[in-house]
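Here is how the chains run, residue by residue.
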Amino acid sequence: MTESTVFYKEQLSESVFLMRLEAPLISRERQPGQFIILQVDNDLGERIPLTIADADPDEGSITIVFQVVGKTTELLAKLEVGQKVAALVGPLGKPTHIENFGSVVCVGGGIGVAPLHPIAQALKAAGNHVTIILGARSRDLLILEQQMTAIADEIIVCTDDGSYGRKALVTEPLAEVCSRETKPGLAVCIGPPIMMKFCCATTKRFDVPTVVSLNAIMVDGTGMCGGCRVTVGGQTRFVCVDGPEFDGHLVDFENLMNRLSAYKKQEGEHKCKLERFQ
């Protein structure tokens, strides 16, 4: 793991930030669907996984998009251009399988639009007709719309409150796209687990193969700790080395959501004791 300089920082919404980080080797080697593990400081800081949303080999940088949800992402959001992230390792995980499926539909919800971006890029470059569906609770929480519009042959935006685009859940236009005379050869759905669960239920009705990218609890990123285990097709898989992408029709989403919420009570109550040394 090597330290990395912050090249660029942008606040996309109240709690979502975009950063370009120095990572020349990763920027050359990364493929769509892969991620990094990052450690903000050397003071016993935790390691967190973040998807590589884009890369610029000429600049030697990778782009990450993250939401402030805890201590580590809060510290990361406070870094400014020129400051350094203590450690960065990657690319990790299996790359997305890319081919010409004819037409594909890519569905991104909330912060899930970020990992969807390089996948949609690669699918378009492979010659696919790309329909992109973006979803957010409200207009101010929608991210990367311009970047996704530049890729898409067709783009549909939905908001829960109707403040922008269609007032609908992403499953509504997804069903419409899947019911067309020429249905998609592939659906890629990335977002909150509950969204991915219902997207997969929708595509299954139309027999459209569906890939999801899972964001499980992760510690080491090498398959050793077992923290990111999920059940896929009745078998245990590890998101960090077997994924992060899986056949969405085989994922046990109830098990995934139960594991993600296992420590909610403690997360709300816990005050890190290390703070007294800061």
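Residues numbered from 1 in each chain as written. Predicted model: local features only at pLDDT ≥ 70, side-chain atom pairs only at ≥ 80, totals over all residues. Heavy atoms only, no water.

Draft legend 1. Region of the structure containing the packing of helix H6 (residues 193-205) against helix H8 (residues 253-260). Axis separation between H6 and H8 bottoms out at 10 Å; the angle between their running directions is 175°. The pairing of H6 with H8 is recorded here as roughly antiparallel in orientation. Note on element contacts: H8 touches H6 through Phe253, Glu254, Leu256, Met257 and Leu260, opposite Pro193, Ile194, Met196, Lys197 and Cys200. For the contact of H6 with H8, the per-class residue count stands at 8 nonpolar, no polar and 2 charged. (Axes fitted to C-alpha atoms, helices over the stretch in contact; angles between N-to-C directions. Helix = DSSP H or I, 4+ residues; strand = E, 2+ residues; numbered from the N terminus. Parallel < 35°, antiparallel > 145°, perpendicular 65-115°, else oblique. Contact = heavy atoms within 4.5 Å. Nonpolar A, V, L, I, M, F, W, Y, C, P; charged D, E, K, R; others polar.)

Draft legend 2. Unusual backbone geometry, seen in detail. The omega angle of the peptide bond from Gly90 to Pro91 is -5°, so this bond is cis rather than trans. With respect to the element layout, Pro91 can be found in strand E7 (residues 84-92). Put simply, Gly243 and Pro244 share a cis peptide bond, and its omega is 15°. The residue Pro244 is located in the loop between helix H7 (239-242) and strand E16 (245-247) in this model. Unusually for a residue other than glycine, Leu144 sits at a positive phi of about 60°. In this structure, Leu144 sits in the loop between strand E9 (129-136) and helix H4 (145-151). For Leu144, a relative accessible area of 9% gives the class buried. (Buried < 20%, exposed > 50% of the residue type's maximum accessible area, 1.4 Å probe, protein only.)

Draft legend 3. Fine view of helix H2 (residues 71-78). Among all positions in H2, only Thr72, Thr73, Leu76 and Ala77 are buried. Viewed end-on, H2 has its buried residues packed into an arc of 135°, placing them on one side of the element. Of the surrounding secondary structure, the elements contacted by the buried residues of H2 are strand E1 (2-11), strand E2 (16-22), strand E3 (35-39), strand E4 (47-51), strand E6 (61-67) and E7. (Arc of directions from axis to C-beta.)

Draft legend 4. Spatial organisation of the sheet that holds E4. Across the sheet, which stays open at both edges, the 7 strands sit in the order E4-E3-E7-E1-E2-E6-E5 with antiparallel pairing between neighbours. Each of the sheet's edge strands pairs with one partner strand only, and the pair in question is E4 and strand E5 (54-56). Recorded for the sheet is a direction-independent mean angle of 40° between the axes of neighbouring strands. Two elements, E3 and E7, share 4 bridges in a ladder whose sense is antiparallel. For Phe35, the partnering residue across the bridge sits in E7 and is Leu92. Across the sheet, H2 is in contact with E1, E2, E3, E4, E6 and E7; its angle to E6 comes to roughly 125°. (Pairing = 2+ DSSP bridges.)

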